Amino acid sequence: MAHFSGEDEVMLQAMLRQLFQSVKEKITGAPSLECAEEILLHLEETDENFHNYEFVKYLRQHICNSLGSMIEEEMEKWTSDQNQDEESGYDTVVQHVTKRIQESKEYKEMMHSLKNIMMVVVESMINKFEEDEMRSQERQKKIQKEKSNSYCTDNCSDSDSSFNQSYKFCQGKLQLILDQLDPGQPKGVRYEALQTLCSAPPSDVLNCENWTTLCEKLIACLSDPDPVFSDRILKFYAQTFTLSPLHMTKEIYTSLAKYLKLHFLSRENHIPTLSTGVDTSNPNVICLLKKVRLLNEYQKEAPSFWIRHPEKYMEEIVENTLSLLSVKHDQSHLVTQKILDPIYFFALVDTKAVWFKKWMHASYSRTTVLRLLEKKYKSLITTAVQQCVQYFELCEAMKAGEILGHSKHCGSKQKTFYYSGQELQYIYFIHSLCLLGRLLIYTQGRRLFPIKLKNRKDLVSLTDLLVLFTQLIYYSPSCPKMTSAAHLDNYSPASMVTEVLRILCDQKECAMECLYNNTVIEALLQPIHNLMKGTKGAPNCSETALIHIADILARIASVEEGLTLLLYGENMNSSEEKSPTGAHIIAQFSKKLLDEDISIFSGSEMLPVVKGAFISVCRQIYGTCEGLQVLIPYCLHESIAKAWKKTSLLSERIPTPVKGLDSVSSVNQESQNIMAWEENLLDDLLNFAATPKGLLFLQRTGAINECVTFMFNRYAKKLQISRHKKFGYGVLVTQVASTAAGAIALQSSGFINALITELWANLECGRDDVRVTHPRSTPVDPIDRSCQKSFLGLVNLLPYPAVYLVGNQDLPNKAEYSLREVPTCVIDIIDRLIILNSEAKIRSLFNYEQSHIFGLRNFIIDGLSVERNHVLVRINFIGGPMERILPPRVLEKGDDPYPWPMFSSYPLPDCYLSEVTRNADLKQDNDLGKLLLCFKMSDKQTEWIENCRRQFCKMMKAKPDIISGSTLLELLEKFVLHLSENLSECYFPSVEYTATDANVKNESLSSVQQLGIKMTVRYGKFLNLLKDSAENDLTLILKHCERFLKQQQAPVKSSLLCLQGTYAGHDWFVSSLFMIMLGDKEKTLRFLQQFSRLLTSAFLWLPRLHISRYLATDTLESGIHPVYFCSTHYIEMLLKVEVPLVFSAFHMSGFAPSQICLQWITQCFWNYLDWIEICHYIATCVFLGPDYQVYICIAIFKHLQQDILQHTQTQDLQVFLKEEALHGFRVSDYFEYMEILEQNYRTVVLRDMRNVRVQST
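Scoring rules and cut-offs
Residues numbered from 1 in each chain as written. Predicted model: local features only at pLDDT ≥ 70, side-chain atom pairs only at ≥ 80, totals over all residues. Heavy atoms only, no water. Helix = DSSP H or I, 4+ residues; strand = E, 2+ residues; numbered from the N terminus. Contact = heavy atoms within 4.5 Å. Areas by Shrake-Rupley, 256 points an atom, 1.4 Å probe, with all protein chains shown as cover. Axes fitted to C-alpha atoms, helices over the stretch in contact; angles between N-to-C directions. Parallel < 35°, antiparallel > 145°, perpendicular 65-115°, else oblique. Left-handed = near helix turned anticlockwise from the far one by under 90°. Nonpolar A, V, L, I, M, F, W, Y, C, P; charged D, E, K, R; others polar. Phe/Tyr/Trp six-rings, centres within 6.5 Å; stacked < 30°, edge-to-face > 60°. Buried < 20%, exposed > 50% of the residue type's maximum accessible area, 1.4 Å probe, protein only. Lys NZ or Arg CZ within 6 Å of the ring centre and 35° of its normal. Expected span 1.5 Å × (residues − 1). Core = buried A, V, L, I, M, F, W, Y, C linked by side-chain atoms within 4.5 Å. pLDDT = per-residue confidence, 0-100. Salt bridge = Lys/Arg side-chain N within 4 Å of Asp/Glu carboxyl O.

Student: Which parts of the structure should I look at to understand the overall build of the protein?
Tutor: When helices and strands are counted, the protein shows 63 helices and two strands. Within the protein, counting contacts between residues at least 6 apart in sequence, those at least 24 apart form 75% of the total. Accessible surface, the protein: about 61,000 Å² in total, of which carbon and sulfur atoms supply 52%.

Dropping the structure here:
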C-alpha cells in the first residue's frame, strides 16, 4: 500500500476500463445486477481472452510477488511427506497447498492490501463516472430542445446515455415508443421505435406502468403484413423469453398465445383449409409458423424452470395454451373445406408432441394439465381421439396402394414446400397419437376416459382406444420396401403406434389397465388368425406389421401378469370351453413359420426377421416353467433345431468372396444374414435351458454343445443375454451344470477353464493396474471381494454331476510346479489349492495362506488349522442341525478364542456330538393304537388305503414324534405291502428276483458306495439304530439292489460317463431305508422289491430309473433323471406362485432352485435335516404320493424365506443353501400348508409324474 502511487492508480483504471469494455455486451445484456455479477464471476470459463487482460496479468503478478515463495515451500514439503503414496495426484497437491495458503497470515495481509488498493481505484472511477453522467444529461437536454414537438433517441451518440446502458427505462421513453408504434405512424418511425424497444432491457420494459398498453400495441403489431416488421416483433418476444425470469416471460407468452387465438378466430385472416393445404413458401404462412414455433419452443423450455416459481404462473401458461389449442372453427358440411385449427400448425412444428411429453413429466405441472383437461378442455382429448378414428377409417376404406398414392408420409425425406390436406391430417394424427400415448401413462389421464365422439353412439373406452391403436399397426399403409430405415424418420403409422404401445408396456400399472385384457390381445392376434386361416377380405398384413406385433407381444410376455394372460386368458379358472389362448395361437403360428407352412411369405427377405420376432415371443413363454407346460404339445424345440441345422448347412455352403468381383458385397451380406439367423436360432434353443424340463428338450435336440459354446462366446464378449431378461447368465449356467451332458458342454466350451483362470488370476496374480509399491490390503471377509464372483461361479458350476464328470480323475501330484503354471481344470484347482500335501505345491503359491484357505472354503482371521478342523468335522460326521455341532470358522472373543479340540484321528471328540434322544421309542398311546389297528383292517383295498392315509395325516399334525423307530417300520412295511398287492396302485410291473447272498457276494461296489456305507453305519450307530455288523449287511443290500435294478436296465450307447455302468454316487435312499428297518437286511430287501413297483420309487429312489428300460429312449440317452425334469421343474413352477420373493431372489443371485433341490433329494436330506425329519419326508411321500416331494421343498423355501432374502443381499445365497442345515424346519409344521398345495396342484403335478415313461416328444 505504501508503494501505491498516482501513476499506479491511473494504470489500474485503464486496466479496468479495458476489462469492462471487453465484457460490455455481456453485462448490458444481463437482466439484473445478480446476473451481471454471475457473468463476471464465471468469466474465466466463458471468455477465451481472460488471461490476456492486463488487469488479470496484474493480479497474477501481485499474487506471485506476495505468496510465490510460500507456495513453493508448501509444495516441496507436501511432496517430501507424501513420497510413499503413489496415488497422490496433481489435484490432491493443489487442494492441499491452496488450503494451507488461504489459512496463512501472508494471504490475509495480501487480500487486505489488495482490497484497499481497489477501493481507491473504484471510488475514483465512480466519481469520474458521475461527472460524465451529468455532462451527458446536459448534452441530452440541448439535443431535445433543438427538436420541436418530438423526442428523439440518438442511437449514434457515444455519450453513454443511461437508456443505452440499461440503467433505467423511464416512463417518458416508453410512452414515446407507444406513440411511435401506432399503425398511423410512418413505416420508418415504427421500425425505429421497434429497434429501440428491442435494444432496451426486457425487465425495464415489463416493469413499466404502461406494459398493458404496450402489450396491446405488440399484439396489433404482430398482425402487421410487413414481414420485416413482424420479424422484429418476434425478435423482441424471443429475446424476452431468453433473458427474462418466468413472471416476465409469462406475460409475453400469454400475449402471444392470446394473439394467436384471436388470429385463428378472426374471419379477416385467411387461414388455409384442408382442401388448399399449407404452402410453406407463402409469406403469410411463414409468418404464422414462426409465431407458432416460437410459442412451441417456449412450451418445451418452460418446464425446466417453472417449478421454482409460484404455481399461478405455471397455471396461466398452461391454461392459455390449452385454450389456444382448443380453438375450433364453425365447420361446413364438407371435411375438405374445413379451416385449419391451431392444433394443425402446432402439429407441423412439433409432430411428436414433445411439449406435452415435457409438461406431463413432472407431477407439479401434470396435475394442473390433467385438472384443466378434465374440467375445461376435454375437447382437446376428444378431437385427438376423433383424429385417430378418422385416420383408421381412412385406412380401412382404402387399399394400401391408393393411400400411398395420395400420401408422402412414408416416402423419402424429399424437400417439399407444400403439405396437402391428407398430409396435414396424417401429421395431426401423429400428434394426436403421441399426445394420447403420453396421457395414458398416468392414472389421472386414463380417468378422462371414456370419451364421447360426434356421430358415434357408444362411448370410446380405454380398451376401444387400445384396440384402435393395435389395428392401426396392420391396417395402415406400409412403407415401400426400397425406402431405407434411415429415411423413414420413424414417422410411419405402424412404427409410431408401436412406439406408443412400447411405452405403455413399460409402465406396469398402465399396462395392466390398458393392455392386459382379452380384447386387446385378440386384436393383436387378429392378423395371425387371418394368416393361418387364410381369411378372405382380411387386411393384407405386411411383414413389418407382424414384426411390430411380435415386439409388443414379447414385451407383454416378459411381465408376469402379461404372461398369465397369454397362457390362460382373463378367466383362467373358468371351466367353460373357450377358443385357444394367446400362447397357443402364437406357438402355432411360430411353428408354421419355422416349418415354412405359410405360403404368403414364401421367398420374402423379411421372413427370417418375422420368424425371429415370433420365436422371441415364444422364448419369453417357454423360458418359464408354466409357459413351457403350455407349449409342450407344439414341440417347438424340434422345429427350431431343424431350422438351425438347415441354416447351419447353408452357412457352410456360402462361397468364399473373390476380390474384384461385383458379387462380393452381395455374398458378404448373404453370409451375414445367414450367420445372424443361425445365432438367433441357437439363442432360442439355449433359452430352453432356463427350466429343468426345457433343458431335457434341449438335450434331445443334440445341440446342447453348440448352444453352450454360443452362450460362452456371448459371456466372454460381455453381451446381454436377452433384451427382455432382467438378470444375466447365472441361472442358465446353473441349470446346464446340473446335468451330465450340460457339465460336459460347459467344459468343452471353455466356460470352466475361463472361470478357473479368472479365479487363479485374482488369488495369485493380483490386479494389473496396482503398482508393486502399493501393498494389497489383507482380506478380512470370509471370501475376499475380488474372488467372490469367481467363487460363486464355481459353486454354480460344480454340483455333483459336474464334479463327477470333470473331476473324477487322479491328482497330478507333480514333483515340481512352475510359478507360471496356471490351473486349467477342476482337478488342477483341487491339486494346487486344496490338497497341499507337498512342499512343491506350497512353494508354487505366491499367496499360500489366502489361496489354500480359499481352496478349503473361505478365508478366516486365524490360520489354516481352524478351517481344516471345521472341514474335517463336517465331512467325517453326518447329522442334522440338532445332531451335530460344527466348530466355528472364526475365532471367538475372550481369553480362549478357540476352545474346540482339533480332530486329527478317530474317534471324533465327543464335544461335536449332540446330546439328542437316540432311537427312543415312545410309549404307545391310544391314537397310535388306532393307527396300527387301521393297518390290520380287512376292508376293501381302496377304502383301506385312503383310511390309512387319513390316519397318517392326523397323526403327523397331532403327534408327529410318534411316527418313528419301530412304529414307522411297521407302518411302512404294511402299507407298501398292501399297495404292491393292489394293481391299481402299481406303476411298474413285477420283476422276479431270485439271487442269493452267495450270488452277489463277489460283486464289487464303487469307492463312492463303499465310503457311503462307512458313513451310514457311523451315523446309524450314533443314533443307536445300527450295530457293528451292519456294514456287511448294508454292503450285501447294495449289491442285491444293483443286481435287481440291472435286470430292468436297457443298453445305451453314450459317451456320458454317468450312463456307462452303475449309478454314479451312493444310494442314500437305500441307506436311509436300512436305518429305518433298524439294520434288518431281509426286511429291507423285501420292502425294496415291493416298493419298486410304486410310482413313488421313481422319485425317492434315484437309482431305480438309472438307464431304466421304462424310460423313453431319448430321455434315457439324455442322462437326466425324472427328479430333475419333473420334480424340480414343478418346484420352480410352484415357487414362483407360492413364494415369489424367494423365486426372484434366486434369479437375482444367478442361482437355480432346481440345483439345490436336486442335491437335497439326491442325498435324501442327509446333513440338512435331523433323522426324524428325514423319516417323515420318506413316510410322507410313501403314504401320500410322490408329489409331496415337491410340496415339501416348497415348504422348506417358505420356511427359509427371510434367510434367503438376507443372503441374497450379502451375495452368498449359494453358499448358505449348500452348506447350512435347514434349522428349525419340521415336516409336520407345514402339513396343513402342503395339503393346500395338494388341492391346488396335485392334478397337474401327479399327472406329469405318471407320464415319466412317455415323456418322449
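Student: Help me out: how do you make sense of the packing of helix α56 (residues 1122–1138) against helix α63 (residues 1231–1250) in this one?
Tutor: Axis angle and axis distance: for two packed helices, these are the angle between their axes and the distance between the axes, and together they describe the pair. Where α56 contacts α63, the axes come no closer than 11 Å and their chain directions differ by 140 degrees. When the axis of α56 is compared with that of α63, the two are oblique. Two packed elements cross with a definite hand, and for α56 against α63 that hand is right-handed. On the side of α56, the interface is formed by C1126, S1127, Y1130, L1134, V1137 and E1138, while α63 contributes Y1233, L1237, Y1241, V1244, V1245, D1248 and M1249. Looking at the contact of α56 with α63, its residues break down into 10 nonpolar, one polar and two charged.

Student: For this particular structure, what's the right way to read the packing of aromatic side chains?
Tutor: Using the criterion set out here, one finds 42 aromatic pairs in the structure. Measuring from ring centre to ring centre gives 4.9 Å for F589 and F614, while their planes differ by 75 degrees; the resulting arrangement is edge-to-face. Here the residue F589 occupies a position in helix α30 (residues 582–594), and F614 occupies one in helix α31 (residues 607–622), the gap between them amounting to 25 residues. Overall, F589 belongs to the buried group, its relative accessible area being 0%. For F614, a relative accessible area of 0% corresponds to the buried category. Every member of this aromatic cluster is reached through a ring pair, and the members are W944, F952, F975, F1183, Y1188, Y1191 and F1231. The cationic tip of K312 hangs over the ring face of Y313; the distance from NZ or CZ to the ring centre is 5.5 Å. Here the basic side chain of K352 rests over the ring of Y491, its NZ or CZ set 4.9 Å away from the ring centre.

Student: Help me understand helix α21 (residues 421–440), please; the structure alone is not making it clear to me.
Tutor: Since one α-helical turn is 3.6 residues long, residues separated by three or four positions face the same way. Here α21 spans 28 Å end to end across 20 residues, near enough to the 28 Å set by a 1.5 Å rise per residue. By the criterion of burial, α21 is predominantly enclosed, with 19 of the 20 residues buried.

Student: Just to check I follow, could you spell out the environment of M70 for this structure?
Tutor: Position of M70 relative to the elements: it lies in helix α5 (residues 54–81). In sequence terms M70 and V97 are 27 residues apart; their C-alpha atoms lie 9.6 Å from each other. Not counting residues within four places of it along the chain, the set of residues in contact with M70 comprises R100, I101, S104 and E106.

Student: Please explain the nonpolar core as it appears in this structure.
Tutor: Counting 345 residues, the largest nonpolar core has L373, F449 and F469 as its most contacted members. Other than its neighbours up to four places away in sequence, L373 contacts L322, F356, K378, L380, I381, L439 and L448. Listed in part, the 16 residues of the second largest apolar core include M15, V23, L43 and L114.

Student: Explain the confidence of the model for the protein here, please?
Tutor: Atom-level detail of predicted coordinates should not be read off regions where pLDDT is low. Summary statistics for the protein give a mean pLDDT of 82 and a share of 82% for residues scoring 70 or more. Residue range residues 400–415 is modelled with pLDDT below 50. Its contacts to residues more than four positions away, or to other chains, number 29 contacts. In the model, residues 480–489 has pLDDT below 50 throughout and makes 11 contacts with residues more than four positions away in sequence or in other chains.

Student: How should the pattern of salt bridges be read in this particular structure?
Tutor: Pairs can form between side chains of opposite charge whenever their charged atoms are close. A complete count under the given rule lists 40 salt bridges for this structure. Here E560 makes a salt bridge to K1136, at a shortest N to O gap of 2.8 Å. Separated by 576 residues along the polypeptide, E560 in helix α29 (residues 560–568) and K1136 in helix α56 bring together distant segments of the chain. Take E560: its relative accessible area is 33%, and that puts it in the partly exposed class. Its relative accessible area of 15% is what places K1136 among the buried residues. In this structure, the salt-bridge partner of R619 is D683, at a minimum N-O distance of 3.3 Å.

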